[in-house]
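Results of the structural survey
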Amino acid sequence: MVQTTTVNGRNWTQLTLLMVLGLAVLRTALMVASPLNLHGDEAQYWAWAQDLDWGYFTKPPMIAWVIAATTSIFGDSEWAVRLSSPVLHSLTAYIMFRTARFAFDAKTGFWAAFIYLLMPAVWLSSGIVSTDVPLLLCWVVALNAWLHLRRTPHWGFALQLGIAFGFGFLSKYAMLFFLPALAAAIIGDQETRKALLSRNGVIAAVTASLIITPNILWNIQNDFATVSHTAANANLKGIPFHPLEWLSFSVSQFAVFGPISSILLLCAILSALKGRLQAPSASLSYFVLAPLLIISLEALLSRANANWAVTAYVAGSLLSAHFLVTTWPRWGRIFIIGKTATTTLCLLVILLVLSPSLANQFGLSNSLKRLRGWPQTVDIIENYYKAGHDGLSFSHIAVDNRRVFFDLNYYGLSKTAPLRIWRRTSNPQNQAELKFPLVEGTIGPVLIIAYFPDYTADLEADFERLEPLAPISLDVGGGKTRSYNVWAGYVYKLKTDKQQSERHSLNHSQVD
């Protein structure tokens, strides 16, 4: 039974809405004021949004659809590309409130939204556009559907579960982590078992399958490009184990969720598994543990980025809030002090970023160097292009790095000249190499912008004539520079599969 929204004289629904809307406005304003250029990955997603499809080389299609929606209304400026993040995070937090209110009470709902919105990772991702943001929204909608299903088995909630899982899968394949958690809930929770081992489970499965099928078909038609990339990204090496990678990932989770919240969550999971918290806390803990354990194993066998298990903190926020409310006299003051400290730190970093000079003074220039100076970089390359070589006009501009390609493309270089990417392997390794490769037989001269310094011999082998030009060195602030070697290349010759394969194996560690 849903608890009343007013507890101890406080209207928790009203407080939650004020918090959610207030933070949404603040984060949007900070994002609009940000001087930072798009990161290469963001610029890549924007490029995908110009050519909507059911899949792309490295990701499923949702991120492109979301960017297409915001830029079609507000234009193609950086803030419009990123606008979906603060909006979707706010929607996720509100649905989290509704979910916790249904499972526990409205006070728990408020604190669940509070914990989620003030996560350090959410502060960061609210200012960029990434695949995690729509994924988290779909995850909480799926979690909401499961909790309703276990109490009121109805085809409508089954449909909601299938739709949420399907669109989550189209956001990021990490949505698959939901399945082992759901399987554990079916095994350990009678209500979940009754709800899903029935026609409702079939409805959810069929609905999800229908939604993800176009992406599966796209992968089949494109030699499983996204699936293969995801597997390669995992890069599982097996034994020997990599305990330092596991330790690095584990420690990074305190930065993702926040140190106090992480300790609170650990206590909440232990209490839930011991049966000390209200049902369905034990089952809810499976949706925290599944992503964390899977990615911890991956870190032990290979490596893992800090954000790869971020879905754990949807259920983690719900469970932590419930534990906090039930143990408030003991944990409340410590929690508030901890959250105040981490939120203040996050805001200080954001304010520093808004001022390039302050960011440089506080040592943030290295972290921000890839987000600065792209319009100026395009201007410099355009001057090279217009100058030509040996009295001839350049036919193309070619780069050797995916992120550089997409940043130059977003900031307008492709409007000046045909922009291409020089492939280092026989098979494409990313979307740029798939769609915009420099083709065999290009006479040139080609203006080559080389990000990697160690490929001179490979370039010389690929062009009949290669002439060095003055290198580019652009000051991007804080003593950091953006440097490229520059070449004029004539008559591009595509290497054989064997030669390219050998080159790839030699330079695999440098492949972007």
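These numbers come from a predicted model, not from an experiment.

**A few points about the overall build of the chain**
In terms of helices and strands, the chain carries 26 helices and seven strands. Taken over the C-alpha trace, the chain has a radius of gyration of 25 Å; the compact-globule value for 512 residues is 24 Å, and the two agree within 12%. For the chain, buried positions account for 54% of its 512 residues. Taking the intrachain contacts of the chain between residues at least 6 apart in sequence as the baseline, contacts between residues at least 24 apart amount to 74%.

**Concerning the confidence of the model for the chain**
With 92% of its residues at a pLDDT of 70 or more, the chain has an overall mean of 90. Under a pLDDT of 50 for its full length, residues 496–512 has, in the predicted model, 29 contacts with residues more than four places off or in other chains.

**With respect to the nonpolar core**
Of all hydrophobic cores here, the largest spans 96 residues; its most connected members are Trp111, Leu143, Leu161, Phe178 and Phe287. The biggest single contributor to this core is helix 8 (residues 132–151), with 12 residues. In this view, Leu161 contacts Ala142, Ala145, Leu149, Phe178, Leu182, Leu196 and Ala204; residues no more than four positions away in its chain are not counted. Ranked by size, the runner-up nonpolar core spans 40 residues in total, among them Ala49, Phe394, Leu413 and Val486.

**Describing the environment of Ile397**
Along the chain, Ile397 turns up in strand 3 (residues 396–399). Residues Ile397 and Gly127 lie 270 residues apart in sequence; the distance between their C-alpha atoms is 31 Å. Here Ile397 is in contact with Ile381, Tyr385, Leu413, Ala417, Pro418, Leu419, Arg420, Leu447 and Ile449, once residues within four sequence places are set aside.

**Some details on helix 21 (residues 374–387)**
In this model, helix 21 (14 residues) spans 20 Å end to end at C-alpha, consistent with the 20 Å of a helix rising 1.5 Å per residue. Of all the positions in helix 21, only Trp374, Thr377, Val378, Ile381, Glu382, Tyr384 and Tyr385 are classed as buried. The buried residues of helix 21 occupy one face: seen down the axis, they fall within an arc of 160°. Exposed and oriented more than 90 degrees from the buried face of helix 21 are Asn383, Lys386 and Ala387. Of the surrounding secondary structure, the elements contacted by the buried residues of helix 21 are strand 3, helix 22 (402–410), helix 23 (413–416), strand 5 (446–450), strand 6 (463–477) and strand 7 (480–492). Gly388 lies just past helix 21 and shows a positive phi near 70°.

**Comments concerning the packing of aromatic side chains**
For any pair of aromatic rings, the description rests on two quantities: the centre-to-centre distance and the angle between the ring planes. Taken as a whole, this structure holds 27 aromatic pairs when the rule is applied. Residues Trp111 and Phe335 carry aromatic rings whose centres are separated by 6.0 Å and whose planes lie at 80° to one another, so their mutual orientation is edge-to-face. Of this pair, Trp111 sits in helix 6 (residues 106–117) while Phe335 sits in helix 18 (residues 328–354), and the two are 224 residues apart along the sequence. Residue classification places Trp111 among the buried residues on the basis of a relative accessible area of 8%. Ring centres 5.3 Å apart and planes at 45° place the aromatic pair Phe463 and Tyr492 in the tilted group. With a gap of 29 residues between them, Phe463 in strand 6 and Tyr492 in strand 7 connect regions that are remote in the sequence. By relative accessible area, Tyr492 is classed as buried at 2%. In this structure an aromatic cluster arises from ring pairing among Trp12, Phe110, Trp111, Phe114, Trp328 and Phe335. It is Arg27 that lies over the ring of Trp123; its NZ or CZ is 4.0 Å from the centre. In this arrangement the basic side chain of Arg482 is found over the ring face of Trp374, its NZ or CZ atom lying 3.8 Å from the centre.

**Side note on the sheet that holds strand 3**
Pairing within the open sheet is mixed, and its five strands lie in the order 4-3-5-7-6. Looking at which strands have only one partner, the edges of the open sheet turn out to be strand 4 (419–421) and strand 6. On average, each strand axis in the sheet is inclined to that of its neighbour by 25°, with strand direction left out of account. Across three bridges, strand 3 lies against strand 4 in parallel orientation.

**Here's the deal with the packing of helix 14 (residues 243–257) against helix 16 (residues 281–301)**
Close contact between helix 14 and helix 16 brings their axes to 7 Å; oriented N to C, the two are set at 145°. Along its contact with helix 14, which presents Pro243, Glu245, Trp246, Phe249 and Gln253, the element helix 16 presents Leu292, Ile295, Ser296, Ala299 and Leu300. Of the residues assigned to the contact of helix 14 with helix 16, the class counts are seven nonpolar, two polar and one charged.

**Digging into the pairing of strand 5**
Burial analysis of strand 5 places five of its five residues in the buried class, which makes it a mostly covered element. Alternating positions in strand 5 separate into two faces, Val446, Ile448 and Ala450 on one and Leu447 and Ile449 on the other, with burial throughout. Here four bridges tie strand 3 to strand 5, and the two strands are oriented parallel to one another. Note that in strand 5 the partner of Ile397 across the bridge is Leu447. Pairing of strand 5 with strand 7 involves five bridges; the strand directions are antiparallel. Its bridge partner being in strand 7, Ile448 is matched across the sheet by Trp487.

**Some thoughts on the environment of Phe323**
Counting through the fold element by element, Phe323 comes out in helix 17 (residues 312–326). With residues near it in sequence (within four places) discarded, Phe323 still touches Leu264, Cys267, Ala268, Ser271, Leu277 and Trp331.

**A closer look at the pattern of salt bridges**
Applying the stated criterion across every chain yields a total of eight salt bridges. With a closest N to O distance of 2.8 Å, Arg402 and Asp41 form a salt bridge. Note that Arg402 is positioned in helix 22 and Asp41 in helix 2 (residues 40–49), a separation of 361 residues in sequence. By relative accessible area, Arg402 is classed as buried at 9%. We note a salt bridge from Arg150 to Glu191, for which the minimum N-O separation is 3.4 Å. With Arg150 in helix 8 and Glu191 in helix 11 (residues 190–196), this residue pair connects regions lying 41 residues apart in the sequence. The exposure class of Glu191 is partly exposed, given its relative accessible area of 36%. Several salt bridges converge on common partners, so that one network encompasses Asp41, Arg402 and Arg403.

**Some points on the packing of helix 16 against helix 17**
Between helix 16 and helix 17, the least distance of the axes is 8 Å, while the angle of their chain directions is 145°. Seen from above, helix 16 lies across helix 17 with left-handed handedness. Residues Ser281, Leu284, Ser285, Phe287, Val288, Pro291 and Leu292 of helix 16 lie in contact with helix 17, whose contacting residues are Ala312, Tyr313, Ala315, Gly316, Leu318, Leu319 and His322. Here the contact of helix 16 with helix 17 is composed, by residue class, of 10 nonpolar, four polar and no charged.

What counts, and where the lines are drawn
- Position numbers for residues count from 1 along each chain, tracking the sequence in the order it is written.
- Local features in a predicted model are, by the rule used here, given only for residues with pLDDT of at least 70; side-chain atom pairs are given and counted only at 80 or more, and totals for whole chains, interfaces and linings are based on all residues.
- Each side-chain value is worked out from all heavy atoms of the structure, with water and hydrogens disregarded.
- Elements are defined by DSSP. Helices are runs of H or I of four residues or more, strands are runs of E of two residues or more, and each kind is numbered from the N terminus.
- Radius of gyration here uses only the C-alpha atoms, and the compact-globule reference equals 2.2 Å multiplied by the residue count raised to the power 0.38.
- When accessible area is computed with a 1.4 Å probe and restricted to protein chains, residues below 20% of their type maximum are described as buried, those above 50% as exposed, and intermediate ones as partly exposed.
- A contact between two residues is defined here by any heavy atoms of the two lying within 4.5 Å.
- Within a predicted model, pLDDT stands for the predictor's per-residue confidence, ranging from 0 to 100.
- Remark: nonpolar core denotes a set of buried residues (Ala, Val, Leu, Ile, Met, Phe, Trp, Tyr, Cys) joined through side-chain atoms within 4.5 Å.
- One less than the number of residues in a helix, times 1.5 Å, gives the span that helix is expected to have.
- Directions drawn from the helix axis to the C-beta atoms are what define this arc.
- Centres within 6.5 Å are what make two rings of Phe, Tyr or Trp a pair, Trp counting through its six-membered ring; a difference in plane orientation under 30 degrees is then read as stacked, over 60 as edge-to-face, and the rest as tilted.
- A ring is considered to have a charge above it if a Lys NZ or an Arg CZ atom is located within 6 Å of its centre and within 35 degrees of its normal.
- Following DSSP output, two strands are said to pair if at least two bridges run between them.
- Under this scheme, a helix contributes an axis fitted over its contacting stretch, all axes are lines through C-alpha atoms, and angles between N-to-C directions fall in the 0 to 180 degree range.
- Basically, the charged four are Asp, Glu, Lys and Arg, the nonpolar ten are Ala, Val, Leu, Ile, Met, Phe, Trp, Tyr, Cys and Pro, and anything else, Gly included, counts as polar.
- Within this document, salt bridges are pairs made up of a side-chain nitrogen of Lys or Arg and a carboxyl oxygen of Asp or Glu, the two lying within 4 Å of each other.
- Take the far helix as the reference: if the near one is turned anticlockwise from it by less than a right angle, the crossing is left-handed, and if turned clockwise, right-handed.

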